[in-house]
Amino acid sequence: MNYSAQTLLRVFSRKIISEPKAREIAGNPQAIANWVYGARLGNLGRNTNDGWNYRGSGFMQLTGRTNFRMRGRDIGLPLEDSPELARKAPEGLSVAIAYWKARNINAAADNNDKKRVRILVNGPAAHGFEQSTVFFSQAWSRVFKAKAAAGFEAGEELANNEVLDEVAAFDEIMKESGLLSEGFETDTDPATERKAALKLFQNELGLPETGELDEATKDELLDPREWRYADEIDAAPARPEDDLDQTVAFKLEAPGSVEAGVAVEPSDGTGVLLDNPNMTQEDALAIDQAHGIYPEYEMGRVGADPNLFMPFSVIGEDTRAAVLDTTGFPSRAIVQILFETRAREQHLCTGTLVSPNTVLTAAHCIHSGTRTGEPFQNFRIIPGRNLGAAPFGRCLGVGASVLAGWTASATTDQSRYYDLGAIKLNCNIGDTTGWLGVRTIGNDEAIDTVVQGYAADRAPTGRQWVSEDKLRILWQLKGFYQNDTFGGTSGAPVFAKDSTDTLIGVHTNGLHGAEQPWKSNNAFTRITSERLSLIQQWISN
């Protein structure tokens with residue numbers, strides 16, 4: 001906690017410390033800790049010694065009175081009364097293991113999902129993520145890489161890891177710390193800006209002003225003291241992962257009544273068509289104005305305009321095939337969802353009937369996501385739409401449910417693991433169209449994947465499109481494939497090719513970000529056993 005005034009102002013926001021206060025307490029670790037942490041994470045105020053007593057300690061830098069209390073309960077140690085215990089090697093190791101277990105971090109680590117590990121360790125803002133990628137690369141190259149060929153332990157194979165671009169990684173660290181501007185790579189001479197930034201940093205830390213990324217400068221940039229402090233992670237310890245796989249329910253703005261649903265088993269329905277299959281004029285006009293919706297995590301920032309976003313979700317050659325007749329099963333149980341934002345902008349998604357009156361879809365087709373988001377409205381559900389025809393009519397959405405992680409997450413990087421929800425209808429259209437079953441998939445299943453839904457980029461509009469690929473990567477909460485999709489396909493069912501009456505996932509997003517496997521694959525929300533139980537509740541409610 002031994003910061004200079006200059007570093008305090010660079011690392012902490014003005015919400016936390018002013019320039020006069022930074023000058024006043026600079027070089028006084030105890031005063032700094034009590035000021036910046038004294039009223040956070042369960043600490044009892046800046047006028048107490050809590051910030052200092054419960055400062056980052058142990059192998060995972062346990063921080064704050066609440067975290068000391070919780071981990072002390074886990075391992076039977078009085079950490080809240082005797083915080084120095086967390087700063088001793090044996091106890092500190094026990095604390096780190098208890099925290100790792102409590103946050104279920106092993107699942108993310110087994111998936112080689114570095115960003116998620118960082119979120120689980122240090123909050124939704126992934127504080128220190130760029131530095132952690134460098135640490136990981138060092139450990140991988142110096143310790144584990146040579147062991148990978150022979151198998152690490154008990155026949156386990158280590159996940160493949162890309163070679164780290166160290167210059168790019170340190171550029172991200174310097175951008176995060178405010179030493180480099182976000183768009184410096186597009187300047188006429190980014191090398192000059194990088195060199196000037198390094199000299200300023202070296203001067204601030206009393207290092208030789210070489211302007212080069214030498215080992216001493218790297219060590220200082222990696223020091224946790226230099227990690228920019230993100231306000232949003234301080235309010236409270238993150239919720240346990242199990243809490244995020246719960247339900248958040250909404251009452252939608254539409255009239256109607258709902259009868260009880262049934263278990264998640266497929267049914268092909270009666271297939272009876274309407275005498276007049278034409279869409280209503282109101283729906284046709286709204287659809288003409290509508291665009292596909294994209295989750296904010298795919299678009300790259302909160303508040304991005306989906307009407308201006310261009311997805312990267314057709315991978316290589318476009319292999320999608322049109323469904324010319326949507327009156328057969330399961331096509332007639334796949335629905336187009338028309339809805340609007342609070343600003344009355346019209347958007348489209350895909351969904352799947354999983355009971356007479358329940359449509360399973362992506363959460364971002366129901367609610368914009370994270371703690372700052374809001375639910376959408378005026379949901380109209382058109383089963384088996386085919387161009388201008390609505391062969392089974394349409395229903396209205398009167399209620400909806402999403403996973404709690406979708407609305408409780410502080411950042412989009414966290415929310416993307418919980419992109420799943422359901423819409424309750426004011427009619428039992430599934431008795432006619434039928435509905436799909438839902439099942440979990442095993443970690444070792446080899447699956448040829450099928451995605452079938454409405455896409456906004458192919459003419460004529462209003463057709464279902466089918467794309468085939470295979471399951472390439474399966475994580476605890478997400479699955480990855482290269483099925484071609486586009487806007488409007490969000491929420492579409494994911495089938496195993498040999499069983500198209502049963503859904504195994506819900507399509508959510510295209511390629512995005514700079515990390516694997518997100519940057520090279522489209523993705524779906526995985527149906528876990530816990531989520532299957534929730535879906536059964538959504539059907540029954």
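Residues numbered from 1 in each chain as written. Predicted model: local features only at pLDDT ≥ 70, side-chain atom pairs only at ≥ 80, totals over all residues. Heavy atoms only, no water.

S.K.: Could you give an account of the packing of helix H10 (residues 166-176) against helix H12 (residues 215-222), with specific residues and numbers?
M.R.: Direction vectors running N to C along H10 and H12 enclose 50°, while the axes themselves pass 11 Å from each other. The orientation of H10 relative to H12 falls into the category oblique. In this structure, the crossing between H10 and H12 has a hand that is left-handed. Two secondary-structure elements touch here, H10 through Glu166, Phe170, Ile173 and Met174 and H12 through Lys218, Leu221 and Leu222. Each residue belonging to the contact of H10 with H12 can be placed in one class, and the counts come to five nonpolar, no polar and two charged. (Axes fitted to C-alpha atoms, helices over the stretch in contact; angles between N-to-C directions. Helix = DSSP H or I, 4+ residues; strand = E, 2+ residues; numbered from the N terminus. Parallel < 35°, antiparallel > 145°, perpendicular 65-115°, else oblique. Left-handed = near helix turned anticlockwise from the far one by under 90°. Contact = heavy atoms within 4.5 Å. Nonpolar A, V, L, I, M, F, W, Y, C, P; charged D, E, K, R; others polar.)

S.K.: Describe the state of the cysteines, listing the residues and the values that go with them.
M.R.: For the coordinates displayed, the defined rule picks out two disulfides. Residue Cys349 pairs covalently with Cys365 via a disulfide, S to S 2.0 Å. In this structure the cystine formed by Cys349 and Cys365 twists about its S-S bond by roughly -80°; its chirality is therefore left-handed. In this pair, Cys349 is assigned in strand E5 (residues 346-355) and Cys365 in the loop between strand E6 (358-361) and strand E7 (377-383), connecting sequence segments 16 residues apart. The same class applies to Cys349 as to Cys365, namely buried. Between the sulfur of Cys395 and that of Cys427 lies a disulfide, 1.7 Å long from S to S. The sign of the S-S torsion, about 135°, decides the handedness of the disulfide formed by Cys395 and Cys427: right-handed. One end of the pair, Cys395, is in strand E8 (residues 395-403); the other, Cys427, is in the loop between strand E9 (421-425) and helix H18 (430-433), and 32 residues separate them in sequence. Overall, the relative accessible area of 2% leaves Cys395 in the buried class. Overall, the relative accessible area of 24% leaves Cys427 in the partly exposed class. The connectivity of the disulfides in the protein is 1-2, 3-4, where the numbers refer to bonded cysteines in sequence order. (Disulfide = S-S within 2.5 Å. Buried < 20%, exposed > 50% of the residue type's maximum accessible area, 1.4 Å probe, protein only.)

S.K.: I'd like to hear about the environment of Ser355, residue by residue, with values.
M.R.: Mapped onto the fold, Ser355 is located in strand E5. It is 7.7 Å that separates the C-alpha atoms of Ser355 and Gly434, two residues lying 79 residues apart in sequence.

S.K.: Give a detailed account of H10, specifying residues and quantitative values.
M.R.: Along H10, the positions that sit buried rather than exposed are Ala169, Phe170, Asp171, Ile173, Met174 and Lys175. Positioned one or two residues after H10, Gly178 has a phi angle of 90°, which is positive.

S.K.: Residue-level account of the pairing of E7, with values.
M.R.: With six of seven residues buried, E7 is to be regarded as a mostly interior element. In the sheet, strand E4 (residues 334-340) pairs with E7 via five bridges, with the strands oriented antiparallel. From the neighbouring strand, Val335 faces E7, where its bridge partner is Pro383. Relative to E8, E7 runs antiparallel, the two being bridged by two bridges. Pairing of Arg380 across the sheet is with Leu396, part of E8. (Pairing = 2+ DSSP bridges.)

S.K.: Which residues make up unusual backbone geometry, and what values do they have?
M.R.: Across the junction of Phe329 and Pro330, the peptide omega takes the value 15°, indicating a cis bond. With respect to the helices and strands, the residue Pro330 is situated in the loop between strand E3 (321-323) and E4. Pro517 follows Gln516 through a cis peptide bond whose omega is -5°. Among the secondary structure elements, Pro517 is positioned in the loop between strand E16 (499-509) and strand E17 (522-526).

S.K.: How would you summarise the pattern of salt bridges if you had to cite specific residues and measurements?
M.R.: The final tally for this structure, using the stated rule, is 24 salt bridges. For Arg65, the salt bridge goes to Asp50, with nearest N and O atoms at 3.0 Å. Of this pair, Arg65 sits in helix H5 (residues 65-75) while Asp50 sits in helix H4 (residues 50-53), and the two are 15 residues apart along the sequence. Under the relative-accessibility criterion, Arg65 is labelled buried at 16%. The shortest N-O distance in the salt bridge between Glu215 and Lys218 comes to 3.4 Å. (Salt bridge = Lys/Arg side-chain N within 4 Å of Asp/Glu carboxyl O.)

S.K.: How would you explain the confidence of the model for the protein if you had to name every residue and give the values?
M.R.: Detail in the predicted coordinates should be disregarded across regions flagged by low pLDDT. With 91% of its residues at a pLDDT of 70 or more, the protein has an overall mean of 87. Across residues 232-238, confidence stays below pLDDT 50; counting only partners more than four residues off in sequence or on other chains, it has 18 contacts. Counting contacts from residues 255-263, a segment whose pLDDT is below 50, to residues more than four positions away or on other chains yields 27 contacts. (pLDDT = per-residue confidence, 0-100.)

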